[in-house]
Amino acid sequence: MNRCRNPDHPHCTVWVLPGDAVCAHGHAQPAEAGPAPAAPAPGGLPSSFDAISALRSRSAAVAGERAAPVLQRPQLHISGFDPRAAGGRQAIRLELRGMPMDCAPEVRMLVRSSLRLHGGERYAFQRTSRGDWRPLFLEFSSRGLEHGQYRIEVELHSRHPQSPEAARTWTCSPVILVPRQDASLGEIHQAFLATHKNVRVMADDAGIARVNAPGGGRLDIDVTARNASIAQVNLEAQTGKIDLGFSTIAWDEDLIEIDLPASATPHPCAADSACLVHAEADSATQRHVRLFALDECVLGRFETLAPEADLLLAHYGEHGEDHGGLTRRISGRHAVVRRGRLGWEIEDVSRYGLLVDGVWPGKHTPVALRPGMRIELTASIKGIVSLEVTAVTAHALVLHRLDGGAQAECFYLMAPEQEPATSPGACLPRASALPLLFHRDGGFWLRDQASGKDTALAPAMEGERLGGLGQRARFTANAYPDTRVDRRGAGERRSRVLAPIYHA
């Protein structure tokens, strides 16, 4: 510190801090001269102290001239969060910072959280004429929720109507603290700073904690001074402003940009069950080839109303299909066929049991399926339904009937969203006549084994010749076209009402 050096007031003895323009009495101080060049020593060379001081001053000046502006990363600034309002209605302020200039002038925001959101889940940030973004307020409530941390999933979508290929998406996951009802403000801030700070300074027993951050930028600091200690924080940034808030909490969330995959062409007829109906079935083919693409295909009794199974089975007697009589011995959920770790397997979940190659495997005991295996429903009465495994591949399983319904139907079970392997699987001659089918993009496909061309199956192909079938067939997005399907609301079972027999 220096005394007042105003030449017009030589009797002023007030101390003046270095860098102050006036003293406490308002006397102007003369400008300080820059660092004088090092004076040469008597021997012709400057002293080591003067040389080092001059070198440091020149290095700092050159570094300041060459310093390039730091590019700010996209961030979502969250402010105005007051944990003391837990249990009531809260509102936080959301601002976009550092967004690229090539994004759309309107950025859509989708929000999902276990907290009770009052303003919905869809918001929109709009760019102003100055280039910044208009802030939004997210209102929520934690009434009736237990204390703890709650995650808010935020997605930001930038979409140009004229340039769909320039779409960009960012995500972040802020964590909101819902404290206990009796928590103090100090405990709340301590719990929050424990997860957000990156600098911690403590002073105890009459110590001094000094923090000097003249470089600006982002800095999260936790300063603690106890037992007659002193805490001094100096944030003299050259540009920008300093926000000091103690009643509310503010922080920045880094936005992570996601590389969006190219969207596939939608299937013309999305379905997980369908049927190929032969217009002119002969002795070597079946009239209905029923297709299923499910993670678990349930085999069960044919019901005209609200069936419990996906693959419906009925007994065929002397006069054809019989929905009563022995069919009632089949459980509503008799067996489950799924693709496990070791391949396709079947599990008995019924009351009356089933036989695999004449042996009851036991209830809830999966059995791996191999070509040529015979499945009998039920174990107590044989001959109700007899099935044979005719093909087992990595993506599909084919079942043919051996009873009176052998000419009526066969079943083609496929793994959803899986293409056939290059190496063919094991199959019997009865299954080799079937086309190569698979499930992809939510629908069924037919692959011509001669040309390798894939064709999406849809009802518009009715009457056309499908490669691999050798005869006319039509595709329908209903596994049982001889029944009428009444699809109800979500969570309710589908009911099938018997309809007139289908005629191609």
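Residues numbered from 1 in each chain as written. Predicted model: local features only at pLDDT ≥ 70, side-chain atom pairs only at ≥ 80, totals over all residues. Heavy atoms only, no water.

**Quick notes on the overall build of the chain**
If you tally the helices and strands in the chain, you get 3 helices and 38 strands. The buried share of the chain, reckoned over its 504 residues, is 38%. For the chain, contacts bridging at least 24 residues in sequence account for 51% of all contacts bridging at least 6. Total accessible area computed for the chain in this model is approximately 29200 Å², and 52% of it derives from carbon and sulfur atoms. (Helix = DSSP H or I, 4+ residues; strand = E, 2+ residues; numbered from the N terminus. Buried < 20%, exposed > 50% of the residue type's maximum accessible area, 1.4 Å probe, protein only. Contact = heavy atoms within 4.5 Å. Areas by Shrake-Rupley, 256 points an atom, 1.4 Å probe, with all protein chains shown as cover.)

**Regarding the environment of Glu 253**
Tracing the chain through its elements places Glu 253 in strand E16 (residues 249–254). The class for Glu 253 is buried, based on a relative accessible area of 15%. For the pair Glu 253 and Leu 76, spaced 177 residues apart in sequence, the C-alpha separation works out to 5.1 Å. Sequence-distant contacts of Glu 253, defined by excluding residues within four places in its chain, comprise Pro 74, Gln 75, Leu 76, Ile 78, Cys 172, Ser 173 and Pro 174. Side-chain polar atoms of Glu 253 contact the side chain of Trp 251, separated by 3.0 Å. (Polar contact = N/O pair within 3.5 Å; in protein donor to acceptor, adjacent residues only side chain to side chain.)

**Here's the deal with the pattern of salt bridges**
On inspection of all chains with the given rule, the structure shows 23 salt bridges. Here Arg 130 ties to Asp 132 by a salt bridge, and the two come within 2.9 Å at their closest N and O atoms. Judged by its relative accessible area of 68%, Arg 130 is exposed. Taking the relative accessible area as the measure of exposure, Asp 132 reaches 31% and is therefore partly exposed. The salt bridge partner of Asp 454 is Arg 440, with a shortest N-O separation of 3.6 Å. Of this pair, Asp 454 sits in strand E35 (residues 454–456) while Arg 440 sits in strand E33 (residues 436–440); the two residues are 14 residues apart in sequence, bridging distant segments of the chain. One continuous salt-bridge network, built from bridges that share partners, spans Glu 419, Arg 440, Asp 441, Arg 447 and Asp 454. (Salt bridge = Lys/Arg side-chain N within 4 Å of Asp/Glu carboxyl O.)

**Things to note about the nonpolar core**
Leu 311, Leu 313, Ile 346, Leu 397 and Phe 411 are the most contacted members of the largest nonpolar core, which totals 35 residues. At the level of secondary structure, the elements contributing two or more residues to this core comprise strand E20 (296–301), strand E21 (311–313), strand E24 (335–340), strand E25 (343–348), strand E28 (374–377), strand E29 (385–392), strand E30 (396–401) and strand E31 (409–414). With 4 residues, the top contributor of residues to this core is E29. Here Leu 311 is in contact with Phe 292, Cys 297, Val 298, Leu 299, Gly 300, Phe 411, Leu 413 and Tyr 480, once residues within four sequence places are set aside. In this structure, Ala 86, Leu 96, Val 107 and Tyr 150 belong to the second largest nonpolar core, which totals 30 residues. (Core = buried A, V, L, I, M, F, W, Y, C linked by side-chain atoms within 4.5 Å.)

**Quick word on the environment of Asp 20**
Note that Asp 20 resides in the loop between strand E2 (15–16) and helix H1 (48–66). Between the alpha carbons of Asp 20 and Ala 31 there is a distance of 9.6 Å; along the sequence they are 11 residues apart.

**A short note on the sheet that holds strand E8 (residues 136–141)**
Reading across the sheet, the 5 strands line up as E6-E8-E4-E3-E16 and stay open at both edges, with antiparallel pairing between neighbours. The open sheet has two edge strands with one neighbour each: strand E6 (116–117) and E16. Pairing of strand E3 (residues 75–81) with E16, which is carried by 5 bridges, proceeds in the antiparallel orientation. Following the sheet pairing, Phe 81 is matched in E16 by Ile 249. (Pairing = 2+ DSSP bridges.)

**A word on the confidence of the model for the chain**
Across the chain, the average pLDDT comes to 79, with 75% of residues at 70 or higher. Scored below 50 in pLDDT, residues 487–504 makes 46 contacts in the model with residues more than four places away or belonging to other chains. (pLDDT = per-residue confidence, 0-100.)

**Here's the deal with unusual backbone geometry**
The amide bond that connects Leu 377 to the next residue, Thr 378, takes the cis arrangement and shows omega of 20°. Residue position: Thr 378 is located in the loop between E28 and E29. The backbone phi angle of Ala 306 is positive, close to 50°, even though this residue is not glycine. Phi at His 364 is positive, roughly 60°, even though this residue is not glycine. Topologically, His 364 is positioned in the loop between strand E26 (355–356) and strand E27 (367–368).

**Regarding the packing of aromatic side chains**
The tally for this structure, following the rule as stated, stands at 3 aromatic pairs. Ring geometry for Phe 81 and Trp 251: centres 6.0 Å apart, planes at 80°, overall edge-to-face. With a gap of 170 residues between them, Phe 81 in strand E3 and Trp 251 in strand E16 connect regions that are remote in the sequence. One exposure class covers both Phe 81 and Trp 251, and it is buried. (Phe/Tyr/Trp six-rings, centres within 6.5 Å; stacked < 30°, edge-to-face > 60°.)

**What about the sheet that holds E33?**
If you trace the 3 strands from one edge of the open sheet to the other, you get E33-E34-E35, paired in antiparallel fashion. Looking at which strands have only one partner, the edges of the open sheet turn out to be E33 and E35. Put simply, the sheet's adjacent strands are angled 35° from each other on average, direction ignored. Both E33 and strand E34 (residues 443–447) contribute to a ladder of 5 bridges, which runs antiparallel. By the bridge assignment, His 439 is partnered in E34 with Phe 444. (Axes fitted to C-alpha atoms, helices over the stretch in contact; angles between N-to-C directions.)

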